[in-house]
Amino acid sequence: YGTDPAVGTGNDDPDNLAQLHYKILSDDGEVSDWFGYSVDIDGDTAIVGTVRDDDNGTDAGAAYVYIRDGPGDWNLQQKLTGSSGAAGDWFGDEVAVEGDTILVGSSGDDTNGSAAGAVYIYTRTGSVWTELVKIVPPDAVALDNFGASVDLEGDYAVVGSVGHDVAAADSGAVYVYLHDGLGSWDFQQKLSASDGAFEDYFGSGVSVSGDSVAVTASYDDDNGAESGSVYVFRRSGVTWTEEDKLTPADGAANDFFGFPVVIDGDTVMAGAYSKDGVSTDSGAAYVFTRSGSSWTEQAKLLPADPAVDQWFGWAIGLSGNVAVVSAIGDSQQGTFAGAAYVFVQDAQGNWSEYTKLTANDGAMDDAFGYALSLSNDRLISTAVADADNGFESGSTYLFEFTDTDGDGHPDFADEFPNDPNEYEDLDGDGIGNNGDPDDDNDGMPDSFEATYGFDPLDATDATSVFDGDGHDNESEFRFCTNPIVGTGNDDPDNLTQLHFKILANDGEIADYY
């Protein structure tokens, strides 16, 4: 738990912690294993990649699966190694878990040539994980590094192949696989950048959410050499199409924007760990949001204590209205000891820093925050160079934030911590958004806004005149006319009788007004 065993009060009593802080070491850890090179968490299951494990040869790699048996009680379920693992495979380069399915990247696999790469898919029955299939792309060649990035959601698996040659050498590609529901994962489509170029390394980061995939090209040069970019692809039916390319307004050379990237619904968060701010390489993270098919930069996140070579933005996690951004160069506990910052988004869309996390036993060169993953009220963060099992053997920390109502939103990010059906109140009227008929309090019910394609969380659309008839949308609601048609009986000026609707300003559910 990272607490003092000789003190049983305050924050040294695990029962009093706002977040449980639990440390994991591999049972067979050794010098330079890099336990924690990659990590993912989904509910009560976590997976930790260890690319330099030597069970199948030098740097063959392994992945460890842990399950939660109770608050703060995480135990090893199984150690995974590829069935055809060999020296230099880097099995565990990237990992992803959802439910009873795991993806493990092995970017150094030589099946189709030196470092062509591969991905292993595992499924769980009961408490046993079984290798289902090893996938390689249909056009794999040497040095493609297929498996350097992976992500998984529902029936879709997405894999980056950063060294694949499309537009030019090492421009990069991403491969999408679809689960057929019967146990097979079938190749669906290969994605590449519309403006791909030499050594863009498209696919150095991937993230999938619903019908959207975000892809990093961290060496893209649009804002200067190696400034970086993120591409968003969207699926219609069975076809994925490039929707937008994202770059920050203040992008510059050597920012490496997009390393890493996470998409969650209509929000993309991307790091730029080498961004120069108040100090050289202090780093930054950016938030973009989507309206329709257009993406807009919403926020730039910075730590409250930026410093030179802090590398804020090295790893990120995003879950609902909570984000975690690591800074592996943070020196609070020694040079490159590392830290992670928790941010919360309020109902109006504003992000603010909530707290800074460090390992209770953090030390110089641990690189806490090297990899991290956030799943509702649980965070896993690694310290890949921790020396508890020998030099750079690595370790992993699990944090469990208090969530009183069990709705997946930690209490610190929940305006209704005792109501599992609510967590935010956009208009501040004391009614949670799920139960509020007018979330943005603009005079138009959410149902009306949804019918005509307005945003029920944006009050400004009430004063807009969409159909050009001179009457704003809120007036059209009260006249019971169509706000997107400005002729005939849908123009209030043409009505032979005025038809005006009145709602109580403080109306609530079951008022019978």
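Above this text sits the structure in question.
Now for a look at the structure at hand. Every value quoted in this text rests on a predicted model; they were computed, and no experiment measured them.

1. So, the environment of Gly486
Turning to its location among the elements, Gly486 is positioned in the segment after helix 2 (473-479). Separated by 296 residues in sequence, Gly486 and Lys190 place their C-alpha atoms 45 Å apart.

2. With respect to the sheet that holds strand 11 (residues 156-161)
Strand order in the open sheet formed by 4 strands is 10-11-12-13, with antiparallel pairing between adjacent strands. Strands at the two margins of the open sheet, each flanked by one partner only, are strand 10 (146-153) and strand 13 (185-191). Pairs of neighbouring strands in the sheet enclose a mean axial angle of 25°, with direction left out of account. Summarising the sheet, strand 12 (residues 173-179) and strand 13 pair through 6 bridges and their orientation is antiparallel.

3. A few points about the layout of surface pockets
Of the pockets and cavities examined, the second largest pocket occupies roughly 820 Å³. Taken together, 26 residues form the lining of the second largest pocket, with Thr289, Gln298, Gln345, Asp455 and Leu457 sitting closest to its centre. The class makeup of the residues in the lining of the second largest pocket is 6 nonpolar, 13 polar and 7 charged.

4. Details of the pairing of strand 21 (residues 294-301)
Side chains on a regular strand alternate between the two faces of the sheet. Examined bridge by bridge, strand 20 (residues 284-291) and strand 21 share 7 bridges and lie antiparallel to one another. If you follow Ser291 over to strand 21, its bridge partner there is Ser294. Once strand 20 ends, the chain turns through 2 residues before running back antiparallel as strand 21, passing Gly292 with a positive phi of about 70°.

5. A short note on the environment of Gly82
The residue Gly82 is located in the loop between strand 5 (73-80) and strand 6 (91-98) in this model. For the pair Gly82 and Val119, spaced 37 residues apart in sequence, the C-alpha separation works out to 9.2 Å. Beyond its immediate sequence surroundings of up to four residues, Gly82 is in contact with Asn56, Phe91, Tyr120, Tyr122 and Glu131.

6. Concerning a negative patch on the surface
A contiguous patch of negative charge, built from Asp429, Asp506, Glu508 and Asp511, is present on the exposed surface. Structurally, Asp506 can be placed in the segment after helix 2.

7. Remarks on the pattern of salt bridges
The final tally for this structure, using the stated rule, is 27 salt bridges. Put simply, Arg234 and Asp211 hold a salt bridge, and the shortest N to O gap is 3.5 Å. Taken together, the residues span a long stretch of sequence, with Arg234 in strand 16 (residues 229-236) and Asp211 in the loop between strand 14 (202-209) and strand 15 (212-217) at a distance of 23 residues. We note a salt bridge from Asp250 to Lys300, for which the minimum N-O separation is 2.6 Å. Of this pair, Asp250 sits in the loop between strand 17 (239-246) and strand 18 (261-264) while Lys300 sits in strand 21, and the two are 50 residues apart along the sequence. Salt bridges linked by common partners bring Asp44, Arg68, Asp377, Arg378 and Glu400 together as one network.

8. So, the environment of Asn350
Locating Asn350 in the fold gives a position in the loop between strand 24 (339-345) and strand 25 (351-357). By relative accessible area, which is 45% here, Asn350 ends up partly exposed. Note: C-alpha distance between Asn350 and Tyr156 (194 residues apart in sequence) is 31 Å.

Cut-off values and rules
Residues numbered from 1 in each chain as written. Predicted model: local features only at pLDDT ≥ 70, side-chain atom pairs only at ≥ 80, totals over all residues. Heavy atoms only, no water. Helix = DSSP H or I, 4+ residues; strand = E, 2+ residues; numbered from the N terminus. Pairing = 2+ DSSP bridges. Axes fitted to C-alpha atoms, helices over the stretch in contact; angles between N-to-C directions. 1 Å grid on protein atoms, 1.4 Å probe; cavity = no way out; pocket = protein on both sides within 12 Å on 5 of 7 lines; lining within 4 Å. Points joined across faces, edges and corners; volume = space filled by probe spheres on them. Nonpolar A, V, L, I, M, F, W, Y, C, P; charged D, E, K, R; others polar. Contact = heavy atoms within 4.5 Å. Patch = residues over 30% accessible without salt bridge, like charges linked within 9 Å, V, L, I, M, F, W, Y side chains within 5 Å. Areas by Shrake-Rupley, 256 points an atom, 1.4 Å probe, with all protein chains shown as cover. Salt bridge = Lys/Arg side-chain N within 4 Å of Asp/Glu carboxyl O. Lys, Arg positive; Asp, Glu negative; His and termini not counted. Charge placed at Lys NZ, Arg CZ, Asp CG, Glu CD. Buried < 20%, exposed > 50% of the residue type's maximum accessible area, 1.4 Å probe, protein only.

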